[in-house]
Amino acid sequence: MVIINYDKKWPQDFLKIKAELQKVLTIPCKMQHVGSTSIPGMKAKPIIDIDVGLENWSDFEAVKRALAEIGYEHEGDRGITGREAFGRSGTVHNEILDTIDHHLYVCSVNNEEYKRHILFRDYLRSNSEARDRYNQIKDEILAKVGSENRADYVQIKEDDYGDFFEEIIEKAKSLKS
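Residues numbered from 1 in each chain as written. Predicted model: local features only at pLDDT ≥ 70, side-chain atom pairs only at ≥ 80, totals over all residues. Heavy atoms only, no water.

Draft legend 1. The packing of helix α5 (residues 128–145) against helix α6 (residues 150–176), seen in detail. Put simply, α5 and α6 touch, their axes get as near as 10 Å, and they point 160° apart. Between α5 and α6, the angle falls in the class roughly antiparallel. Remark: the crossing between α5 and α6 carries right-handed chirality. In this structure, α5 contributes A130, R133, Y134, I137, K138, E140, I141, L142, K144 and V145 to the contact, and α6 contributes D152, Y153, I156, K157, D160, Y161, F164, F165 and I168. In the contact of α5 with α6, the residues fall into twelve nonpolar, no polar and seven charged. (Axes fitted to C-alpha atoms, helices over the stretch in contact; angles between N-to-C directions. Helix = DSSP H or I, 4+ residues; strand = E, 2+ residues; numbered from the N terminus. Parallel < 35°, antiparallel > 145°, perpendicular 65-115°, else oblique. Left-handed = near helix turned anticlockwise from the far one by under 90°. Contact = heavy atoms within 4.5 Å. Nonpolar A, V, L, I, M, F, W, Y, C, P; charged D, E, K, R; others polar.)

Draft legend 2. Main features of the pairing of strand β5 (residues 102–108). Burial runs high along β5: six of the seven residues are buried. Taken together, the seven bridges between strand β2 (residues 48–54) and β5 define a ladder with parallel strand orientation. When the sheet's bridge partners are listed, D49 is paired in β5 with H103. Here strand β4 (residues 83–88) runs beside β5; their pairing, made up of four bridges, is antiparallel. Across the sheet, the residue bridging to A85 is Y105, located in β5. (Buried < 20%, exposed > 50% of the residue type's maximum accessible area, 1.4 Å probe, protein only. Pairing = 2+ DSSP bridges.)

Draft legend 3. Local environment of the nonpolar core. In this structure, L21, L25, V52, L67, Y72, L104 and V106 are the most contacted members of the largest nonpolar core, which totals 24 residues. Elements with a minimum of two residues in this core: α1 (10–22), β2, α2 (60–69) and β5. Apart from residues lying up to four places away in sequence, L104 is in contact with L21, I50, V52, L67, Y72, E84, A85 and F86. Of all hydrophobic cores here, the second largest spans 21 residues; its members include F120, Y161, F164 and I169. (Core = buried A, V, L, I, M, F, W, Y, C linked by side-chain atoms within 4.5 Å.)

Draft legend 4. Examining the pattern of salt bridges more closely. This model, assessed by the stated rule, comprises 14 salt bridges. Between E20 and K23 there is a salt bridge whose closest N-O contact spans 3.0 Å. Here K23 falls in the exposed class, since its relative accessible area comes to 59%. For R88, the salt bridge identified is with D98, shortest N-O distance 2.8 Å. One end of the pair, R88, is in strand β4; the other, D98, is in helix α3 (residues 95–99), with ten residues separating them in the sequence. (Salt bridge = Lys/Arg side-chain N within 4 Å of Asp/Glu carboxyl O.)

Draft legend 5. Up close: the environment of F60. Checked against the element boundaries, F60 lands in helix α2. For F60, a relative accessible area of 7% gives the class buried. With 42 residues separating them in the primary sequence, F60 and H102 have C-alpha atoms 20 Å apart.

Draft legend 6. Structural context of the layout of surface pockets. In this structure, the largest pocket spans a volume of roughly 1100 Å³. Lining of the largest pocket is provided by 32 residues; of these, R83, E113, H117, Y134 and K157 occupy positions nearest its centre. Within the residue set of the lining of the largest pocket, elements represented by two or more residues are β5, α4 (112–126), α5 and α6. Across the lining of the largest pocket, the residue classes tally to 14 nonpolar, six polar and twelve charged. (1 Å grid on protein atoms, 1.4 Å probe; cavity = no way out; pocket = protein on both sides within 12 Å on 5 of 7 lines; lining within 4 Å. Points joined across faces, edges and corners; volume = space filled by probe spheres on them.)

Written out as structure tokens, the structure is:
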């Protein structure tokens with residue numbers, strides 16, 4: 001698990017992946033670049049996180065079939081109800097999708113996790129103090145667990161810094177009101 005300084009190419013990487021996905025996803029959806037790579041100035045694992053938000057959840061099976069056509073395999077919800085994960089299956093080659101590391105999730109635009117991703121991203125994009133604090137948190141955790149211990153990194157982030165993330169979500173919600 002390598003965390004690096006923000007790379008200005010990440011938004012372009014997202015747009016390249018989005019263009020490939022749009023070739024088969026003709027169903028109304030909102031493709032969102034989320035996670036740390038979507039926040040200028042944010043340190044991150046160099047993996048593009050993408051949420052495909054469906055306006056109508058009954059379209060999920062059609063989306064699942066369309067993604068399979070371009071080499072994605074449905075991996076279930078990975079423990080987060082209402083957020084379905086997809087990974088590259090290796091059955092269909094695509095230069096962009098096979099060379100830009102990314103995580104792909106499909107969920108309803110009404111899903112709480114989807115809403116939290118957008119709120120968190122938008123708040124950190126507009127609040128450099130919160131973004132800088134999150135970068136500091138990442139550094140603190142890495143100093144404790146090292147760069148190779150992803151499980152402990154995630155556990156410490158959730159256990160020791162969960163309040164920080166909840167505070168950001170609450171502040172973001174209050175701005176939306």
